[in-house]
Each structure stands twice: as C-alpha cells, then as structure tokens.
Amino acid sequence: MISKKMTGTLNRQVNAELYAAYLYLAISAEADHKGLKGAANWFFAQAQEETTHAQRIATYLQRVGEKVVLESIPKPPAAFKSMKAMFEAALTHERKVTAMIRAIVNQALAEKDHATANEMQWFVAEQVEEEENVNDILAQIELADKAPGALFMIDKELATRVFTPPAPAE
Ligand code: FEO
C-alpha cells in the first residue's frame, strides 16, 4: 500500500515519461524532415524506451493496488535547428526527469515508503545512463563542428541504434 499523495506523484511521472516519448517522437520527426535519418532512428528508439518507463511505473501502481490515471500529454516543440539543438533539448529534458525521480525517492523516504523507494532505484540508475548517453553524443557533435563530414558519420552511427526493451521488473 502506498499513500494517496504517492499515487498522485507516480501518476504524474507516468505522464512525464509519456511526454518524454512524445518529445522524442517530435525530435525524430524533425530529424527525418532535415534528412538526419540516423538521428531520427535514435530518437524513435528513445521514444519507445520512454514508453516502457511509463509502463513500468503504471505496472508498479497496479501491483500495489492503485489506479493508473492518464492525463493529457502537452504538445512538444516541433522545430529544432540542428542535430546539436536536438540533443541539447534531450539533455535538458533528461536533467528535468532526473530531478523528478530524485524528488520521488525523497518523498518515498520521507513517507517511509520503502517499496516505492526501492522501485525507483531502477530509475535512479537509468537516469545516470540516459544523461551519459546524451552527453557522449553531444561531445561528439561538438568535435564534429571542427571536422567537415564528421556529422555525417555521427548520423550513420546513430542509425545503428536498435531498441531493446528493458527486462521487466521483478
Ligand atoms: Fe524516462 Fe529518459 O527518462
């Protein structure tokens, strides 16, 4: 059993993860439109991954006997002027999500809700990975600024990402 307040918090996180999926779909669409097929592929895979995050929290709510309530998803931005701007938007968003996850863990600890604190540890680790991945790509893009043609190679590399669903929660 978890508190009503925690149920509200987790339902808001379901919404935030679905917004992340929506944002990355929007970036994917813009990347495709600009001919950046690799970036489009990378963001499409990331959108799929975000959907699994929403699903994971929704499943947890159901396992502890609470109802999942879906709210509307805000409209994401549609224009990103460059590949760099796309990944900068992703990093800004991931940092925001990291702060949200940290706040949930803090709330869980304050409520002595060890089940939720434990469940959220997966997300704590996941956020380290998500920020790291985006930071690494941004570093490559910055280097590419000084090497003509390098952006093309980065886009080719981004085209190789294949979405693999994370292992289900135990
Ligand atoms: Fe679900 Fe990228 O955080």
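Okay, so let's go over this structure.

Calculation notes
- Residues numbered from 1 in each chain as written.
- Predicted model: local features only at pLDDT ≥ 70, side-chain atom pairs only at ≥ 80, totals over all residues.
- Heavy atoms only, no water.
- Salt bridge = Lys/Arg side-chain N within 4 Å of Asp/Glu carboxyl O.
- Buried < 20%, exposed > 50% of the residue type's maximum accessible area, 1.4 Å probe, protein only.
- Helix = DSSP H or I, 4+ residues; strand = E, 2+ residues; numbered from the N terminus.
- Phe/Tyr/Trp six-rings, centres within 6.5 Å; stacked < 30°, edge-to-face > 60°.
- Lys NZ or Arg CZ within 6 Å of the ring centre and 35° of its normal.

## Some words on the pattern of salt bridges
- For the structure on display, the rule yields six salt bridges.
- One salt bridge in this structure joins K37 and D32, with 2.9 Å as the shortest N-O distance.
- Classification of K37 as exposed rests on a relative accessible area of 52%.
- Under the relative-accessibility criterion, D32 is labelled partly exposed at 36%.
- Salt-bridge contacts for E49 lead to R161; the nearest nitrogen and oxygen are separated by 2.9 Å. Of this pair, E49 sits in helix 2 (residues 37-63) while R161 sits in the segment after helix 5 (150-158), placing them 112 residues apart in sequence.

## A closer look at the packing of aromatic side chains
- Tallied over the entire structure, the rule returns five aromatic pairs.
- Here the aromatic rings of W42 and F43 are separated by 5.0 Å at their centres, their planes lie at 75 degrees, and the arrangement is edge-to-face. The pair formed by W42 and F43 is uniform in burial state, with each residue classed as buried.
- An aromatic cluster is present here, built from Y24, W42, F43 and F87 joined pairwise through their rings.
- Across from the ring centre of W122, 4.1 Å away, lies the NZ or CZ of R56, which sits over that ring.

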